[in-house]
Protein chains: 2
Amino acid sequence: MAKQATWYHGGCDVCVSAESTLVDALNPQQFRVEKVNLGTNRSRVGEAEKLGVKTLPALVIDGQVYHINFGANLADLK
Amino acid sequence: MAKQATWYHGGCDVCVSAESTLVDALNPQQFRVEKVNLGTNRSRVGEAEKLGVKTLPALVIDGQVYHINFGANLADLK
């Protein structure tokens, strides 16, 4: 069964560019990727914070957080 | 045909942890991933630098550099 991966981003250019290449590169047979724009969906900022997300964009797989390049601080969305 | 992706790392714990989950999550039908340990293979530090790698670990896909979390500065390996 495909595992859940979550891509948290802020809708910025860095995030969108990383999304189009990197996130779409994940093996679709292994992962179901949910893309969450925290800029427009601020109710999920707390969830991302609890998972350990500090900067955006970030990818969470199996509870591990990967901060990828740098687009924005999560704190700036609060 | 599978595209080339290159994973540059320094052999540190952050790198190894990211490698096991994230790099192995890439779609094997789309990407051939080469893993380069710059700690033991310093002759390739210059190549990574030219591609724009600044910190390790980093993943390069299609000429785009993704700096993932933070393990080491490339400059420290020179």
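(A) View of the confidence of the model for chain A. All names here are of chain A. For chain A, the mean per-residue pLDDT works out to 91, and 100% of the residues sit at or above 70. The secondary-structure element of chain A with the lowest mean pLDDT is helix α1 (residues 13-21), recorded at 81, while helix α2 (residues 45-51) shows the highest, at 97. Across the whole predicted complex the pTM is 0.88, and at the interface the ipTM reaches 0.84.

(B) Summary view of the interface of chain B and chain A. The partner chain A presents 19 residues to the 19 residues of chain B that form the contact. Taken together, the links from chain B to chain A amount to twelve residue pairs in polar contact (both at pLDDT 80 or more). Where the side of chain B that touches chain A is concerned, the elements lending two or more residues are α1 (13-21), β3 (55-61) and β4 (64-73) of chain B. Considered class by class, the residues forming the side of chain B that touches chain A number eleven nonpolar, seven polar and one charged.

(C) Quick peek at the environment of Ile61(B). With respect to the element layout, Ile61(B) can be found in strand β3. Separated by 28 residues in sequence, Ile61(B) and Val33(B) have C-alpha atoms that sit 9.2 Å apart. Those residues in contact with Ile61(B) that sit more than four places away from it in its chain are Thr21(A), Leu22(A), Ala25(A), Gln4(B), Ala5(B), Phe31(B) and Tyr66(B).

(D) Layout of unusual backbone geometry. Residues and elements named next belong to chain A. Here the amide bond leading from Leu-56 into Pro-57 is cis, since omega sits at 0°, within 30 degrees of zero. Here Pro-57 is to be found in strand β3 (residues 55-61). Notably, Asp-62 is not glycine yet its phi reads approximately 55°, a positive angle. Topologically, Asp-62 is positioned in the loop between β3 and β4 (64-73).

(E) View of the environment of Val33(B). Residues and elements named next belong to chain B. Mapped onto the fold, Val-33 is located in strand β2 (residues 31-37). Exposure remark for Val-33: the relative accessible area of 30% places this residue in the partly exposed category. Separated by 16 residues in the primary sequence, Val-33 and Ser-17 place their C-alpha atoms 16 Å from one another. Residues within four places of Val-33 in sequence aside, it is in contact with Ala-5, Trp-7, Val-23 and Leu-26.

Basis of the calculations
In every chain, residue numbers begin from 1 and rise along the written sequence. All chains are assigned letters beginning with A, and all ligands numbers beginning with 1, in the order in which they are written. For a predicted model such as this one, the threshold for reporting local features is a pLDDT of at least 70, and the threshold for listing and counting side-chain atom pairs is 80 or more; totals across whole chains, interfaces and linings nevertheless cover every residue. Note: side-chain values were computed over all heavy atoms of the structure, leaving out hydrogens and water. For every residue, the predictor states its confidence as a pLDDT score lying anywhere from 0 to 100. Each helix is a run of DSSP H or I of at least 4 residues and each strand a run of E of at least 2, with the numbering of both proceeding from the N terminus. When checking whether two residues touch, look at their non-hydrogen atoms; a contact exists if any pair is within 4.5 Å. Think of a polar contact as two N or O atoms within 3.5 Å of one another; within protein, one of them needs to be a possible hydrogen donor and the other a possible acceptor, and neighboring residues in sequence only count if both atoms come from side chains. As a working rule, the residues Ala, Val, Leu, Ile, Met, Phe, Trp, Tyr, Cys and Pro are called nonpolar, Asp, Glu, Lys and Arg charged, and the rest polar, with Gly in that last group. Buried residues are those whose accessible area, probed at 1.4 Å on protein chains only, stays under 20% of the maximum for their type, while exposed residues exceed 50% and partly exposed ones sit between those limits.

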